[in-house]
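Results of the structural survey
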Amino acid sequence: MARIPVNQGIQGIIDKLKNDQTFDGSWDYPFETGVLTDAYMIVLLRNLEIEDKEELIQGLTSRILSRQEDNGAWKLFHDEPNGNLALSVESYYALLYSGYFPKTDTRLRAARNFILANGGMEKVNIYTKIMLAITGQYKWPTMFPVPVEMMLLPLSFPINFYQISVYGRTNLAPILILAENKFSKKTALSPDLSDLFTNRAEEENWEFPAEWRSLFSTIEEGIKNLIGLPSQLHSMAMERAKSYMLDRIEPDGTFYSYFSSTFLMVFALLSLGYSRNDTLISNALDGLISMKTTIHGLPHMQYTTANVWNTSLISTALQLAGVPSDDPVIQKANRYLLDRQHHKFGDWAVHNPNGRPGSWGFSDVNTMNPDIDDTTASLRSIAEQVSINSDFRGAWDRGLFWLFTMQNDDGGWASFEKNIKNPWISFLPIEKAEFMFSDPTSADLTGRTLEFLGNYTNLSQNQRTVKQAVKWILNNQKKDGSWYSRWGICYINGTWAAVTGLAAVGTRATHPSIQSAVRWIKSIQNSDGGWGESCLSDSQKEYVPLGASTLTDTAWALDILITTEEQPGEEIQKGIAYLLRSIEKEDWTTDYPKGQAMAATFYIHYHSYRYIFPLIALAHYHNKFE
């Protein structure tokens, strides 16, 4: 086989990344989440009767229409069978609400036909029903399954607000206010979606399963034990829910820099009597608009920005590929990261009172909602500067201390919280509730943390922190040799994180768990030399092949083999060849999501991943075998 020009591939990616760095040292590659947020932005702007955003609304409608399938539906990902009912309702609603398309439009008629053929508006998920109820298209249920008084339940009670992950709390707090007030707001431009019901008698059908009654009864029992009159408790709970939102507004006006929670907060404030012209609401709207990006010439409303995540990963990848830490590109990136280190206590402190601020969050404006992944990624990036610069030494020490204090009792790490694992989550009448309301230990977070500790610190592999984490990973491997990833798609990513983490802390390649993982990853290689996994793995809870290869999946899979193999065998050579001939490819596989997010209602296409992970895999290959 002819010698593969790996250096050429590496240099090409380095040049591309250097060229794309922004003036502040970060990388602002889009955090793309389909058209869900685009649709919601149109609904928000029209419902607030904002009059100076017509160009934005027109651009968003063009983007939504560009993603419509031939059968009238919209999909969450390329190979989603048939189409996605909730997203189709949301897209149809936004197009109608924009005012630029009548119901008689051929594309809207096709969408309506798809919606009715797949169960109608009453069959959408609970999140979509909440948005529709807020904006006057769906009736609130007589009794919402979670009362606002839940805000008052003590930490000692088995079901309480802080036993829900921060990812869930930020959305639940405004939802509780809206549900209690049964808030609904229509405007003169509001379309009539009543013809999307297949059975008008079921307009209030929220399809809460019988199991929720036991959960509700438990919460009710806890509320009865609270001291105070019911009316007082209700007022206190509403005030606490409001304070939870307002105390967590970021400098840009958004609620924790998330689109969904900010969208819900705006309507919650309206339900509490705030004017639509109130500074809180106008600032929130400005914050959402500031997260707009442009993809293929059309606007896209990002769910959040990914600047810290992009920057920490890219800086690390460049350094692995040979760019020195004193290169101006790395210096600028690391100064940016230093400025984004947290100095505030966040919700994480509720379950980690021994921790101190010093971590990093995901987005450009995140000041109080850090996570494990961004913290280890940022620490990797600054590692080379720690011994020669006191500013970085202090940042390193604070970040490392926070990381150690966030280890779960089971030995692993979660995303945002410590020791959040709720067996009662399965009783919630909410689709994919385990993804939104729980934050348990995961293989991807634990594996990546071990990789950081093993490759970037001098922590002994016999240290208790490491041994406990290794034990958790080994105990949570799937029978086929893979691991599941909470935030990536899904088994290739989880297996990559677990194997590279285990190897970094001294687990030998001959270990049965690693050998099992290697056999599995080799068994799913495609004939073109690459790898590809479907988003369907998320819902089916088992590996589902994509039927095509992607750059990111191939890079993750290759990194597993490069880490564990002594020589570059056929699988590695074929994988490297695929990467090198596909680096500049542009097709649906390069747009395919490689991340999962809130309750599996949308998936994430990180535009940076096609550069980051191939660069890491190629650099590891070059450093080990050439």
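Please refer to the structure placed before this passage.
About the cut-offs
Residues numbered from 1 in each chain as written. Predicted model: local features only at pLDDT ≥ 70, side-chain atom pairs only at ≥ 80, totals over all residues. Heavy atoms only, no water. Salt bridge = Lys/Arg side-chain N within 4 Å of Asp/Glu carboxyl O. Helix = DSSP H or I, 4+ residues; strand = E, 2+ residues; numbered from the N terminus. Buried < 20%, exposed > 50% of the residue type's maximum accessible area, 1.4 Å probe, protein only. Expected span 1.5 Å × (residues − 1). Polar contact = N/O pair within 3.5 Å; in protein donor to acceptor, adjacent residues only side chain to side chain. Pairing = 2+ DSSP bridges. Phe/Tyr/Trp six-rings, centres within 6.5 Å; stacked < 30°, edge-to-face > 60°. Lys NZ or Arg CZ within 6 Å of the ring centre and 35° of its normal. Contact = heavy atoms within 4.5 Å. Axes fitted to C-alpha atoms, helices over the stretch in contact; angles between N-to-C directions. Parallel < 35°, antiparallel > 145°, perpendicular 65-115°, else oblique. Left-handed = near helix turned anticlockwise from the far one by under 90°. Nonpolar A, V, L, I, M, F, W, Y, C, P; charged D, E, K, R; others polar.

Topic: the pattern of salt bridges
- For the structure on display, the rule yields 22 salt bridges.
- Taking the shortest distance from any N to any O, the salt bridge between Arg-448 and Asp-373 comes out at 2.7 Å. Of the two residues, Arg-448 is situated in helix H18 (residues 443–456) and Asp-373 in helix H15 (residues 372–382); the sequence distance between them amounts to 75 residues. Here Arg-448 matches Asp-373 in class, with each residue buried.
- Among the salt bridges present, the one from Glu-586 reaches Arg-610, with a minimum N-O distance of 3.1 Å. Linking Glu-586 in the loop between helix H24 (570–582) and strand S6 (595–596) with Arg-610 in helix H25 (residues 609–625), this pair joins segments that are 24 residues apart in sequence.
- What makes Glu-586 exposed here is its relative accessible area of 58%.
- Connected through shared salt-bridge partners, Glu-32, Asp-38, Arg-63 and Arg-67 make up one network.

Re helix H13 (residues 328–339)
- Between its terminal C-alpha atoms H13 stretches 16 Å, which fits the 16 Å expected from 12 residues at 1.5 Å a residue.
- When H13 is considered as a whole, its buried residues turn out to be Val-329, Ile-330, Ala-333, Asn-334, Tyr-336, Leu-337 and Leu-338.
- Of the residues flanking the start of H13, the one acting as N-cap is Asp-327, its side-chain oxygen 2.8 Å from the backbone nitrogen of Val-329.

A closer look at the sheet that holds S6
- Here we have three strands laid out as an open sheet, ordered S1-S7-S6, and antiparallel in their pairing. If you trace the sheet from one side to the other, it starts and ends with strand S1 (31–32) and S6, each paired once.
- Pairing of S6 with strand S7 (residues 603–606), which is carried by two bridges, proceeds in the antiparallel orientation. Note that in S7 the partner of Gly-595 across the bridge is Ile-604.

A few points about helix H20 (residues 491–504)
- Helix length check: H20 (14 residues) gives 20 Å between terminal C-alpha atoms against 20 Å at 1.5 Å per residue, within 8%.
- Counting buried residues along H20, 13 of its 14 residues qualify, which places the element largely inside the surrounding structure.
- Directly after H20, the chain includes Gly-506, whose backbone phi takes a positive value near 100°.

Regarding the pairing of S7
- Neither face of S7 is exposed, since Tyr-603 and His-605 on one face and Ile-604 and Tyr-606 on the opposite face are all buried.
- Examined bridge by bridge, S1 and S7 share two bridges and lie antiparallel to one another. For Glu-32, the partnering residue across the bridge sits in S7 and is His-605.

Regarding the packing of aromatic side chains
- Taken as a whole, this structure holds 38 aromatic pairs when the rule is applied.
- Arranged with centres 6.4 Å apart and planes meeting at 70°, the rings of Tyr-162 and Tyr-244 form a pair that is edge-to-face. Of this pair, Tyr-162 sits in the loop between helix H6 (126–134) and helix H7 (166–181) while Tyr-244 sits in helix H9 (residues 230–246), and the two are 82 residues apart along the sequence.
- Looking at Tyr-162, the relative accessible area reads 21%, which means it is partly exposed.
- Classification of Tyr-244 as buried rests on a relative accessible area of 3%.
- When the ring centre of Trp-487 is taken as origin, the NZ or CZ atom of Arg-486, which lies over that ring, is 3.8 Å away.

Notes on the side chain of Asn-47
- Structurally, the position occupied by Asn-47 is in helix H2 (residues 36–47).
- Excluding its chain neighbours within four sequence positions, the residues that come into contact with Asn-47 are Tyr-97, Thr-135, Lys-185, Thr-187 and Phe-267.

Describing the packing of helix H16 (residues 390–405) against H18
- At a minimum axis distance of 12 Å, the contact between H16 and H18 shows a crossing angle of 135°. Here H16 is positioned oblique relative to H18, judged by the angle of their axes. Once H16 is placed against H18, the crossing between them reads as left-handed. For the pair formed by H16 and H18, the contact residues are Trp-396, Leu-400, Leu-403 and Phe-404 on the first element and Thr-449, Phe-452, Leu-453 and Tyr-456 on the second.
- Tallied by class, the residues present in the contact of H16 with H18 amount to seven nonpolar, one polar and no charged.

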